[in-house]
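Next come the chains, spelled out residue by residue.
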Amino acid sequence: MEFWWVFFGISVFMIPFVYLLPAKYKDIGVYTYLLFVILVSGFRDNIGTDFGAYQEFFTLYGSHEFFYAMEANAQLEPAIAFLIPFLERLGGAYQSFFMVYAIITFLGFYYGAKNFFRGNYLGILLVLLLYITYNSTGGFWWGMNGVRQAAAMSIVFAFSSCLYRGEKKKFILAVCLASLFHYSSLVFLPAYFFCQISFRKKWVLFAVIFSSVLTLSGLSKDIVLGILSFGLGILGRYEGALLLITEGGKSFSYMSFIYMAMYLFAFYTVKDITGRREQTFFNMATVFIVMRILTSFSLGGESIQYILHRFEVYYLPFFFVFFTEALTLTARRFKPEICGWILVSFFIAAMSFLNVINIARVGGIRDYPLEPSDMVINVEYQPNFKLFE
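Residues numbered from 1 in each chain as written. Predicted model: local features only at pLDDT ≥ 70, side-chain atom pairs only at ≥ 80, totals over all residues. Heavy atoms only, no water.

1. Details of a nonpolar patch on the surface
Rules: Patch members must show over 30% relative accessible area and no salt bridge, and they are joined within 9 Å when carrying like charges or within 5 Å when they are nonpolar side chains of Val, Leu, Ile, Met, Phe, Trp or Tyr. Where accessible areas are quoted, they stem from the Shrake-Rupley method and a 1.4 Å probe; at the residue level, only the protein chains shown are allowed to cover. What makes a salt bridge here is a side-chain nitrogen of Lys or Arg within 4 Å of a carboxyl oxygen of Asp or Glu, nothing more. Segments assigned H or I by DSSP are reported as helices when at least four residues long, segments assigned E as strands when at least two residues long, and all are numbered from the N terminus.
A contiguous nonpolar patch, built from F334, I342, L343 and F346 and spanning about 370 Å² of accessible area, is present on the exposed surface. By the element assignment, L343 lies in helix α20 (residues 337–362).

Next comes the structure, spelled out in structure tokens:
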């Protein structure tokens, strides 16, 4: 666990570090952190429940068992079916697969953030930090397991400028490209039409409150599971996860309350929602938080939880942008401004602490506040630098 304390500790101090850099070096500070997280993610070994499956594909490649393994693992998307043989022919070891996906994921997030905060390197850095410290499906730790979907999520975000520029063909092409990495990215197609609508704040607030009432009353569970059961039946995947459901509670998870608070803070802080840029991240963040609320009821099977939240993750980066906009506006009101950014660092520190606690939980480590998870996985970071055989 010491590694994760150091990793998140470095992340916490990046904001004041980049702020204090001379203007001409701020980009270098962000690039350095970007390289750091790519290397941490790409060189990880045996972290994530799917790690062994991807490792096995490399071991089996060249034998008839490889094709059976690919078929047995839920009709994997074209990108991975192409990438594994391609890396093998280049002499790559299984670790090269994780490095390539780490590069795709983090570069996608960088360019997506740059679309909204061009020239504002603190804004770009903060979007990256929110992704790193997001403690639920769609965040950095989740991406250790959801490798393919994390890549798909970053690709649609990288092309986010298509949304506020109204470039319909490029947007469809971007979603199709992302679907080569994970078919679920097709749920992001309605985003283009959401961005053509001017979401009014009073109706947005009503939607947030109404969706909260549906969830707290238990009605959203019946609605969402009915739709999910129908959809998974057509798709022909994950039906087994539905069998894991037990009667759940009617309350939010504690993290859902935090995300609601973050959204409402941004809602009341960002006053100017007039330009296409602002309307885009506001609309997408609203879609995300409503989807998050409606799927935040408690269920017995952990795998079904992951499935429920997997649809909202494509809208998640825009939630980060919306919240970053609010934090940036807040920090700049302080005199001296560095005090505001230090306050932002305290927020990142709190989110980092929750991440460490969660990592300890899934790792079955008992010296932390939360009870260990029923499904324990390896969380100890042991790098593997062998990219080529």
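2. Digging into helix α11 (residues 168–179)
Threshold: Take the residue count of a helix, subtract one, and multiply by 1.5 Å to get its expected span. We call a residue buried when its accessible area falls under 20% of the maximum for its residue type, exposed when it is over 50%, and partly exposed in between, using a 1.4 Å probe and counting protein chains only. Within this analysis, the arc is defined by the directions that extend from the helix axis to the C-beta atoms.
Along its twelve residues, α11 runs 17 Å from first to last C-alpha, staying within 8% of the 16 Å computed at 1.5 Å per residue. Of all the positions in α11, only F171, A174, V175, A178 and S179 are classed as buried. With its buried residues spanning 140° around the axis, α11 presents them on a single face. Residues of α11 that are exposed and point over 90 degrees away from its buried face: K169 and L173.

3. What to know about the confidence of the model for the protein
Definition in use: How sure the predictor is of each residue is captured by pLDDT, a score from 0 to 100. A contact between two residues is defined here by any heavy atoms of the two lying within 4.5 Å.
The predicted model of the protein averages 83 in pLDDT, with 83% of residues at 70 or higher. The low-confidence segment residues 246–251 (pLDDT under 50) makes 15 contacts with residues lying over four places distant or belonging to another chain.

4. Comments concerning helix α2 (residues 26–42)
Taking 1.5 Å of rise per residue, the 17 residues of α2 would be expected to cover 24 Å, and the 24 Å separating its terminal C-alpha atoms lies within 8% of that figure. By the burial criterion, the buried members of α2 are K26, D27, G29, V30, Y33, L34, V37, I38, V40, S41 and G42. Against the buried residues of α2 lie α1 (2–20), α6 (94–116), α7 (121–133) and α8 (140–143).

5. What about the pattern of salt bridges?
Scanning the entire structure with this criterion turns up four salt bridges. Salt-bridge contacts for E278 lead to R277; the nearest nitrogen and oxygen are separated by 3.1 Å. The pair formed by E278 and R277 is uniform in burial state, with each residue classed as buried. The salt bridge involving R277 is made with E325; its shortest N-O contact spans 2.8 Å. Here R277, found in helix α17 (residues 276–294), pairs with E325, found in helix α19 (residues 316–332); they are 48 residues apart in sequence, far enough to count as distant. Pair check on accessibility: R277 and E325 agree, each one buried. One network of salt bridges, in which partners are shared, links R277, E278 and E325.

6. Some remarks on the packing of α7 against α20
Heads up, the rule is: Lines fitted to C-alpha atoms define the axes, with helix axes restricted to the stretch in contact, and inter-axis angles between N-to-C directions lie between 0 and 180 degrees. Roughly parallel means an angle under 35 degrees; roughly antiparallel means over 145; roughly perpendicular covers 65 to 115; every other angle is labelled oblique. What makes a crossing left-handed is the near helix being turned counterclockwise from the far one by less than a right angle; a clockwise turn instead makes it right-handed. Charged residues are taken to be Asp, Glu, Lys and Arg, nonpolar residues to be Ala, Val, Leu, Ile, Met, Phe, Trp, Tyr, Cys and Pro, and polar residues to be all remaining types, Gly included.
Contact pair α7 / α20: the axes reach a minimum separation of 9 Å and the direction vectors enclose 20°. The orientation of α7 relative to α20 falls into the category roughly parallel. Every pair of crossing elements has a handedness; the one defined by α7 and α20 is left-handed. Contacts from L122, L126, L129, L130, I132 and T133 of α7 reach α20 at W341, V344, F347, I348, M351, S352 and N355. Classifying every residue of the contact of α7 with α20 gives ten nonpolar, three polar and no charged.

7. Some points on unusual backbone geometry
Backbone geometry follows two general trends: most residues other than glycine have a negative phi, and most peptide bonds adopt the trans configuration. Here the amide bond leading from K335 into P336 is cis, since omega sits at -5°, within 30 degrees of zero. The backbone phi angle of N46 is positive, close to 60°, even though this residue is not glycine. Relative to the helices and strands, N46 resides in the loop between α2 and α3 (51–60).

8. As for the packing of α6 against α7
It is at 9 Å that the axes of α6 and α7 come closest, and there the two elements cross at 135°. Judged on the interaxial angle alone, α7 and α6 are oblique. Crossing of α6 against α7: the hand is right-handed. For the pair formed by α6 and α7, the contact residues are T105, F106, F109, Y110, A113 and K114 on the first element and Y121, I124, V127, L128, Y131 and I132 on the second.

9. Thoughts on the nonpolar core
How we decide: Take the buried residues of types Ala, Val, Leu, Ile, Met, Phe, Trp, Tyr and Cys, join any two whose side-chain atoms come within 4.5 Å, and each joined set is a nonpolar core.
Core analysis: the largest hydrophobic core is formed by 117 residues, its most contacted members being W4, F97, F188 and Y263. Considering each element in turn, this core owes the most residues, eleven residues, to α7. Not counting residues within four places of it along the chain, the set of residues in contact with W4 comprises I47, F140, W141, M144, V356, I359, V379 and Y381.

10. Description of the side chain of T295
The residue T295 is located in the loop between α17 and α18 (302–309) in this model. When neighbours within four sequence positions are excluded, T295 is seen to be in contact with V224, L308, H309 and E312.

11. With respect to the environment of W141
Tracing the chain through its elements places W141 in helix α8. As a C-alpha pair, W141 and G48 span 93 residues in sequence and 8.8 Å in three-dimensional space. Leave out the neighbours within four places in its chain, and W141 touches W4, I47, N355, N358, I359, V362, I377 and V379.

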